[in-house]
Amino acid sequence: MERSAAPGPERLFDAHRFPAGGFVLLALLLYAPVGLCLLVLRLFIGVHVFLVSCILPDGTLRRLIVRVMCSVLGLFVQQSSPRLRDAAVQVYIANHVTHFDHNVISLLTSCNTPALNGAPGFICWSRGFMELGVTGSRAELVDSLKAYSSHRGNPPLLLFPEEAATNGRAGLLRFSSWPFSILDVVQPVALQVQRPLIAVSVADSSWITELFWTFFVPFTVYQLLAMELGVVSTRLTAADKAEHMKRLRHTSHLPFAPASSQPLAARLRMPSSLSGIGSFAPEDTRFTTMAQQVKEVLPHVPLEVIRTDLAQTNCVDTTIANLLEGRVPFFPESEAGTDLPAPSTSWAASASGIQGSVALPSSKPATKQFAKSPMERHLSLQERKRALYDYARSSPKHAACCHLGNHCLP
């Protein structure tokens, strides 16, 4: 059975909290008055839950009482096959979905989650994190956790190797290796979260915002599974998520879906007189200049494809690299006096598959042609890319774009 392709960041993280379907959105509007009442009521009950969890000592009785009170808050916890859990294990490894995963798992078993981000203090303690007082490198953190686990009287550790939350539907972020270097044996925990009407979590949303929405919805179900999640692993990391969110904020409220860049690209095609917003005219001019620059370097790439990728990257070099490395599929255009091969998914894939070559005059890289000599046919893709980059950097338009901020929009 062929393995499915790893999903991109647009599928791992939800950009919008509200549904796109009209029927579900109508149901949410009708539910809003009830949700607001539940929110106010649950805020008062949540204070009592916090006080009870602080007063009672850690144990089975406390977990039972807090779990029942959390059900009033709309938090339901389900566990499948609890006998599969090894009671002697000192490290739990779980996937990360919401800001409250560690609180929910602690309702089923005693565990501590170290605080990795944020300043220590009352907020960190009240959220249920364990403060280690380590502010140095990860090596110091691992040594501190090893010392903690060496004392058998301490509760097990609950760690999230993804180091960032996903929506839990499409895939997992690449696991960091340091949680597995603490002890030789770990207990995997598969976490799945479901709720009606709205998204379980929204990328780049604070924990206090997620808490309010958790109290607003009728219920949220956390399931600890003794089976596979049914999602695939990816090579994306928490740093990739941060970069993805940075690009999203820079592109003015663009959704995560790839097709979502079309409104901005369509706006770039509009004349400045028809845009209706005078402040957008300089930005549109810059995008047009950048698109023309990429088109000059890669004349066989359709202008629409260039504009669409520029709307996501805002960088000439990144767009050229995406087109050369085959990350952006397109059908090559034919120019006068140039015979291009049959349409392919990308110029890079076609170049490597057909073993075509690119003539490299001193002034401008030519479009792809099938070379006659074996020496030219064995010209590597890296050499062709280097020649195109050299031409891009020597282009007057590229030099003008450098003054705008290293080929990228500010």
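Residues numbered from 1 in each chain as written. Predicted model: local features only at pLDDT ≥ 70, side-chain atom pairs only at ≥ 80, totals over all residues. Heavy atoms only, no water.

Here we look at the pairing of strand β2 (residues 91-94)
Our working definition: Throughout this description, buried means an accessible area under 20% of the type-specific maximum (1.4 Å probe, protein chains only), exposed means over 50%, and partly exposed covers the range between. In DSSP terms, a helix is any run of H or I states spanning at least four residues, a strand is any run of E spanning at least two, and both are numbered starting from the N terminus. Strand pairing follows a simple DSSP-based rule, namely that at least 2 bridges must link the two strands.
The alternating pattern of β2 places Val 91 and Ile 93 on one face and Tyr 92 and Ala 94 on the opposite face, and all of these are buried. Across three bridges, the pairing between β2 and strand β5 (residues 157-159) is parallel. Within β5, the residue paired with Val 91 across the bridge is Leu 157. In this sheet, strand β7 (residues 187-194) lies alongside β2 in parallel orientation, the contact comprising three bridges. From the neighbouring strand, Ala 94 faces β7, where its bridge partner is Val 189.

Concerning the environment of Ser 149
This is how the line gets drawn: The contact criterion used throughout is that any non-hydrogen atoms of two residues lie within 4.5 Å.
For Ser 149, the position within the fold is in helix α6 (residues 138-150). Expressed as a C-alpha distance, the spacing of Ser 149 and Leu 183, which sit 34 residues apart in the sequence, is 8.1 Å. With near-sequence residues (within four places) excluded, Ser 149 lies in contact with Leu 157, Ile 182 and Leu 183.

Some words on the sheet that holds strand β1 (residues 75-79)
In a beta sheet, neighbouring strands are held together by backbone hydrogen bonds and run either parallel or antiparallel to one another. The line we're drawing: Axis definition: a line fit to C-alpha positions, over the contact stretch in the case of helices; interaxial angles, taken between N-to-C directions, run 0 to 180 degrees.
Read from one edge of the open sheet, five strands run β1-β8-β7-β2-β5, paired in mixed fashion. Where the open sheet ends on each side, the last strands, each with one partner, are β1 and β5. Averaged over all neighbouring strand pairs, the angle between strand axes comes to 25 degrees, with direction disregarded. Sheet topology places β7 next to strand β8 (residues 220-225); five bridges connect them, and they run antiparallel. Within β8, the residue paired with Gln 192 across the bridge is Gln 223.

Examining the packing of aromatic side chains
In plain terms, the rule: Any two of the Phe, Tyr and Trp rings considered here, Trp counted by its six-membered ring, make a pair once their centres fall within 6.5 Å; the pair's planes then place it as stacked at under 30 degrees, edge-to-face at over 60, or tilted in between.
A full pass over the atoms with the stated rule returns six aromatic pairs. With a centroid separation of 5.5 Å and 80 degrees between ring planes, the pair formed by Phe 18 and Trp 213 is classed as edge-to-face. Of this pair, Phe 18 sits in the loop between α1 (9-12) and α2 (22-55) while Trp 213 sits in helix α7 (residues 207-216); the two residues are 195 residues apart in sequence, bridging distant segments of the chain. Phe 18 gets classed as partly exposed once you look at its relative accessible area, which sits at 45%. Ring centres of Phe 50 and Trp 125 lie 6.1 Å apart, and the angle between their planes is 80 degrees; this geometry places the pair in the edge-to-face category. Note that Phe 50 is positioned in helix α2 and Trp 125 in helix α5 (residues 122-126), a separation of 75 residues in sequence.

A look at the pattern of salt bridges
Rule in force here: When a carboxyl oxygen of Asp or Glu lies within 4 Å of a side-chain nitrogen of Lys or Arg, that pair is called a salt bridge.
Tallied over the entire structure, the rule returns three salt bridges. The closest approach of N and O atoms between Asp 14 and Arg 169, which form a salt bridge, is 2.8 Å. Taken together, the residues span a long stretch of sequence, with Asp 14 in the loop between α1 and α2 and Arg 169 in the loop between β5 and β6 (171-172) at a distance of 155 residues. In this structure, Arg 63 and Asp 58 form a salt bridge, with 3.6 Å as the shortest nitrogen-oxygen distance.

Topic: unusual backbone geometry
Positioned with a positive phi, Glu 163 is a non-glycine residue whose angle comes to about 65 degrees. Here Glu 163 is to be found in the loop between β5 and β6. Note on Glu 163: relative accessible area 27%, which makes it partly exposed. One non-glycine residue, Asp 204, adopts positive backbone phi at about 70 degrees. Mapped onto the secondary structure, Asp 204 falls in the loop between β7 and α7. Given the relative accessible area of 49%, Asp 204 is considered partly exposed.

Examining a nonpolar patch on the surface
The condition that has to hold: Patch membership is restricted to residues that have no salt bridge and whose relative accessible area is over 30%. Joining uses 9 Å for like charges and 5 Å for the nonpolar side chains Val, Leu, Ile, Met, Phe, Trp and Tyr. Note on areas: Shrake-Rupley, 1.4 Å probe, and residue coverage restricted to the protein chains presented here.
A cluster of nonpolar side chains, contributed by Val 40, Leu 43, Phe 44, Ile 208 and Phe 212, occupies part of the molecular surface with about 450 Å² of accessible area. Contributions of two or more residues to the nonpolar patch are made by α2 and α7. Broken down by element, the residue count for the nonpolar patch peaks at three residues, all from α2. By the secondary structure assignment, Ile 208 is in helix α7. Overall, Ile 208 belongs to the partly exposed group, its relative accessible area being 34%.

Observations concerning the environment of Cys 315
Mapped onto the elements of the fold, Cys 315 is located in the loop between α12 (303-313) and α13 (316-324). When the C-alpha atoms of Cys 315 and Ala 291 are compared, they prove to be 9.8 Å apart, with 24 residues separating the residues in sequence.

With respect to the confidence of the model for the protein
Under the convention used in this document: What pLDDT conveys is the predictor's confidence in a given residue, as a value from 0 to 100.
Mean pLDDT over the protein: 74, with 68% of residues reaching 70 or higher. Of all secondary-structure elements in the protein, the lowest mean pLDDT belongs to helix α10 (residues 272-275), at 35, while α7 reaches the highest, 94. Here residues 252-281 is a poorly scored stretch, pLDDT under 50, and it has 37 contacts once near neighbours within four places are set aside; other chains count. Low pLDDT, under 50, characterises residues 397-410; the predicted model gives this stretch 31 contacts beyond four residues in sequence or across chains.

Description of the nonpolar core
Worth spelling out the cut-off: Residue types Ala, Val, Leu, Ile, Met, Phe, Trp, Tyr and Cys, when buried and joined through side-chain atoms within 4.5 Å, form a set referred to as a nonpolar core.
Counting 25 residues, the largest nonpolar core has Ile 105, Leu 158 and Tyr 222 as its most contacted members. Secondary structure elements with two or more residues in this core: α2, α3 (60-72), β1, β2, α4 (101-105), β7 and β8. Broken down by element, this core gets its largest block of residues, three residues, from β7. Those residues within four positions of Tyr 222 in sequence are excluded, and the remaining contacts are Leu 75, Phe 76, Val 77, Gln 78, Thr 98, Phe 100, Asp 101, Val 104, Leu 191, Gln 192 and Val 193. Counting residues in each nonpolar core, the second largest holds 16 residues, with Ala 291, Val 294, Leu 324 and Phe 330 among its members.

Overview of the packing of α2 against α7
Just so we agree on the cut-off: Roughly parallel means an angle under 35 degrees; roughly antiparallel, over 145; roughly perpendicular, 65 to 115; everything else is oblique. Note on residue categories: nonpolar means Ala, Val, Leu, Ile, Met, Phe, Trp, Tyr, Cys or Pro, charged means Asp, Glu, Lys or Arg, and polar means any other residue, Gly included.
Between α2 and α7, whose axes approach to 7 Å, the crossing angle comes to 110 degrees. Put simply, α2 runs roughly perpendicular to α7. The segment α2 lies against α7, with Leu 28, Tyr 31, Ala 32, Gly 35, Leu 36, Leu 38, Leu 39, Arg 42 and Leu 43 engaging Phe 212, Thr 214, Phe 215 and Phe 216. Split into classes, the residues belonging to the contact of α2 with α7 amount to 10 nonpolar, two polar and one charged.

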